[in-house]
Amino acid sequence: MTTPYDVAYAESIHHPEEFWARAAEECHWYKKWDKVLDDSNKPFYRWFVGGELNTCYNALDLHVDSGRGDQPAVIYDSPVTDTIKIYTYLELRDEVARLAGVLRDQGVTKGDRVIIYMPMIPQALMAMLACARIGAIHSVVFGGFAANELATRINDATPKVIVSASCGIEGAKIIPYKPLLDKAIEMAAFKPQSCIIFQRSMEKAQLIQGRDLDWDQAMAGASPADCVPVAATDPLYILYTSGTTGQPKGVVRDNGGHLVALKWTMKAIYDIDPGDVFWAASDVGWVVGHSYIVYAPLFKGATSVLFEGKPVGTPDAGVFWRIISQHKVKSQFTAPTAFRAIKREDPNGDLIKNYDLSSLKILFLAGERSDPDTIQWSERNLKVPVIDHWWQTETGWAIAANCMGLHRFPVKYGSPTKAVPGWNLLAVDPGTKPVPAGETGALVVKLPLPPGALTTLWQNDARFLEAYMEEFPGYYKTADAGYIDAENYVYVMARTDDIINVAGHRLSTGAMEEVLSDHPDVAECAVLGVEDQLKGQVPIGFLVLKAGVKRPNEDIIKEVIAMVRDRIGPVAAFKTATVVKRLPKTRSGKILRGTIQKIADNKTYKVPATIDDPETLNEMKQALTGLGYAGSTSAS
Ligand code: COA
Ligand code: AMP
């Protein structure tokens, strides 16, 4: 049987220009495009060349102008401050227009960068949309990163203005943001002209005269700014994501392709129509937050829930159900780790029974591999389809999913179902030859990438080419390995680089190693992601100390843990390290990460033929057992 999904998929691959031009007709353009796809400078493909639009107009004004002004655009639900506040499209448009006026008064114009370092409050979303309104490029930095990471992003993005808030709230803790911001600006070589600070009632920040502006005062004195038409190919935002080194990659997304693709996905993937309530329980600092808390639901004219809280502890493991029932959420999207946290506290789903969840039609999971146990627990307790889907910061939207607005395929546990229209996905061998169905290979996407995918890395075309385009010429390298079965179901098994996924947060072990090796007593180190029941993976560090170091190992371990927290941030969740005599290596000196990982995860492993000294594996096994890992694994 040919399904609507099959028709859409085939057209998107064989006639992408027709397919995406039709989707673009659903959007507002000041000037239509001259060419849907410009492939004159491969692999730098450009979508909707010659077109002019405004992203903020499409997210807000369009709905006000077409009679949706009184509909809720955003529901801010913050159990940590005991606040629920609803913004209609009209109210949000007016706030955003005024904030855009504040930015304009600070001299921000088209193409200028604005860094947004904020907790999960409506002002974060307003700041993003205000930038889009005047054609400025925003770069949101996740609140869980340390000052050093923020400084790195300030140096790379060179923002004219930084928008921040006095504090974030993490469960019961208040995290003052302003000292982190001040420290980051002090550390950075580049200095912004001004900072706009939203003062929250629970923590007042000290403002620096001449540099910092109080949000409320600035808003009171500003007049609204109109939407500025920008080229479809102009950048909308930069979002930094972990690469293989401490220097993050600045993923650049354009205005036109992003609008067209994201608006299309709301129905095709999530089955959301205008007026429906959609809730992505993520953070605006991550791509999921950009795409599905802010942009896509608003492009579609839906209502987006902005949640400031945690799945457990704010106040309990029933908060998700309270929000779904109270705001009549139709689809929820979160990371499996959030459901693992709930499942751990409420294994039988007793709290679910206290709420009417009849509005909920589908649960979407992404951000890390969904373990079948979590999917089945959710299916059993929520009695709705639970849809795993796979994507990346770089892609901006799902590469593989069960496209619920097109056709619902039977779920195969462990698979995010099939490639989404637009993504010509293959599993290939190192020579870029497709591997047979069911065999593991590198997951790659044949170029061109669909609209909305990254266009380059900020001011670093060379790194863009090297990281994504060179290993498999003509294809985008996802850096995920997996297989595609005979029915075209995709299975994403592991990263092929040193990225790990901790509680749905993407982190680089390479970046952590850079921090550890800066410790004066450390000669050599390795950081690996090992399996964790709650967070999916957690990092653990192995330290080889310099000859002659006499200090107690425990002190050095404490110090490196503090260094990672201080330099990368609490989000790294780096809490375990151990001292080993040496690291298992090949004869050519490469650390045997895969083998160490297998031992840690209690999987059968092979002693590689190229190993320099097999005894090092036994030493490693002992170290891991000491940390509570490894268990009873043995070499096959
Ligand atoms: N600002 C400041 N600190 C932050 C932060 C933020 N925005 N986000 C996280 N942190 C801190 C936490 O307070 C914690 O600090 P601690 O070491 O002092 O306890 C640390 O970073 C690790 O945070 P996290 O990984 O979130 O662990 P947790 O134990 O607080 O919570 C979960 C565990 C599973 C409940 C939580 O990770 C979760 O809800 N995950 C869903 C992830 C998600 O939405 N991912 C987006 C992709 S869809
Ligand atoms: P991020 O860029 O933070 O969204 O992280 C992207 C990475 O997370 C991917 O490259 C995968 O390794 C992993 N990932 C995201 N979603 C899934 C999923 N549904 N299944 C398996 N891995 C996933």
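Preceding block: the structure.
How each quantity is defined
Residues numbered from 1 in each chain as written. Chains lettered and ligands numbered in written order. Predicted model: local features only at pLDDT ≥ 70, side-chain atom pairs only at ≥ 80, totals over all residues. Heavy atoms only, no water. Core = buried A, V, L, I, M, F, W, Y, C linked by side-chain atoms within 4.5 Å. Buried < 20%, exposed > 50% of the residue type's maximum accessible area, 1.4 Å probe, protein only. Helix = DSSP H or I, 4+ residues; strand = E, 2+ residues; numbered from the N terminus. Contact = heavy atoms within 4.5 Å. Near = heavy atom within 4 Å. Polar contact = N/O pair within 3.5 Å; in protein donor to acceptor, adjacent residues only side chain to side chain. Areas by Shrake-Rupley, 256 points an atom, 1.4 Å probe, with all protein chains shown as cover. Nonpolar A, V, L, I, M, F, W, Y, C, P; charged D, E, K, R; others polar. Pairing = 2+ DSSP bridges. Axes fitted to C-alpha atoms, helices over the stretch in contact; angles between N-to-C directions.

J.: Got a minute to help me understand the nonpolar core in this structure?
T.: As a rule of thumb, nonpolar side chains are buried together in soluble globular proteins. Ranked by size, the top nonpolar core spans 128 residues in total, and within it L92, L129 and Y292 carry the most contacts. Per-element tally for this core: the top contributor is helix 5 (residues 122-134), with 10 residues. Not counting the four nearest positions on each side in its chain, L92 is found in contact with L60, A73, V74, Y87, L125, M126, L129 and L298.

J.: Is there a simple way to explain the site of ligand 1 in this structure?
T.: Residues in close proximity to ligand 1 total 23 residues, the closest being E170, K173, K310, R565 and K575. Interatomic distance of 2.9 Å between a side-chain N/O atom of K575 and an oxygen atom of ligand 1. Alone, ligand 1 offers 940 Å² of accessible surface; in the complex the protein occludes 84% of this. Within the shell around ligand 1, the residues separate by chemical class into 11 nonpolar, 6 polar and 6 charged.

J.: Just to check I follow, could you spell out the site of ligand 2 for this structure?
T.: In the vicinity of ligand 2, 14 residues are found, and the nearest of them are H389, T393, D480, R495 and R506. The contact in question runs from a nitrogen atom of ligand 2 to an N or O atom on the backbone of H389, over 2.7 Å. Q392 places a polar side-chain atom, nitrogen or oxygen, 2.9 Å from an oxygen atom of ligand 2. Within the complex, 92% of the 500 Å² of free accessible area of ligand 2 lies under protein. Of the residues in the shell around ligand 2, the class split is 3 nonpolar, 5 polar and 6 charged.

J.: What exactly am I supposed to notice about the environment of R582 here?
T.: One can find R582 in the loop between strand 32 (576-579) and helix 17 (593-600). R582 sits 389 residues away from Q193 along the chain, and the two C-alpha atoms are 49 Å apart. For R582, the residues in contact, after removing those within four places along its chain, are V544, D613, E615, T616 and E619. Polar contacts involving the side chain of R582 include one to the side chain of D613, which spans 2.8 Å. Reaching out from R582, the side chain makes a polar contact with the side chain of E619 at a distance of 2.8 Å.

J.: What should I look at first to understand the environment of I196 in this one?
T.: Mapped onto the elements, I196 comes out in strand 11 (residues 194-198). Take I196: its relative accessible area is 1%, and that puts it in the buried class. Remark: the alpha-carbon pair of I196 and W321, spanning 125 residues in sequence, is separated by 35 Å. Among all residues touching I196, those that are not within four sequence positions of it are V102, L103, V161, I162, V163, S164, L213 and W215.

J.: Looking at this structure, how should I read the sheet that holds strand 5 (residues 83-88)?
T.: Note on sheets: strands pair through backbone hydrogen bonds, and any given pair is parallel or antiparallel. Across the sheet, 7 strands lie side by side as 5-4-17-16-18-19-20; this open sheet has mixed pairing. This sheet does not close on itself; its edge strands, each paired only once, are strand 5 and strand 20 (386-388). Across the sheet, the mean angle from the axis of one strand to that of its neighbour is 20°, orientation sign disregarded. Here strand 16 (residues 277-280) runs beside strand 17 (residues 303-307); their pairing, made up of 3 bridges, is parallel. Considered in strand 17, the bridge of V277 is made with T303. Helix 4 (residues 89-105) contacts strand 4 (72-78) and strand 5 of the sheet and is inclined by roughly 90° relative to strand 5.

J.: I tried to follow the side chain of N54 on my own but got confused; where do I start?
T.: Following the sequence through the fold, N54 ends up in the loop between strand 3 (52-53) and helix 3 (55-68). Residue class for N54 comes out buried when judged on its relative accessible area of 0%. Within the structure, N54 has its side chain in polar contact with the backbone nitrogen of Y57 (distance 2.8 Å). At a separation of 3.1 Å, a polar atom in the side chain of N54 contacts the main-chain carbonyl oxygen of R133. The contact partners of N54, leaving out residues within four places of it in the chain, are Y30, A132, R133, C227 and V228.

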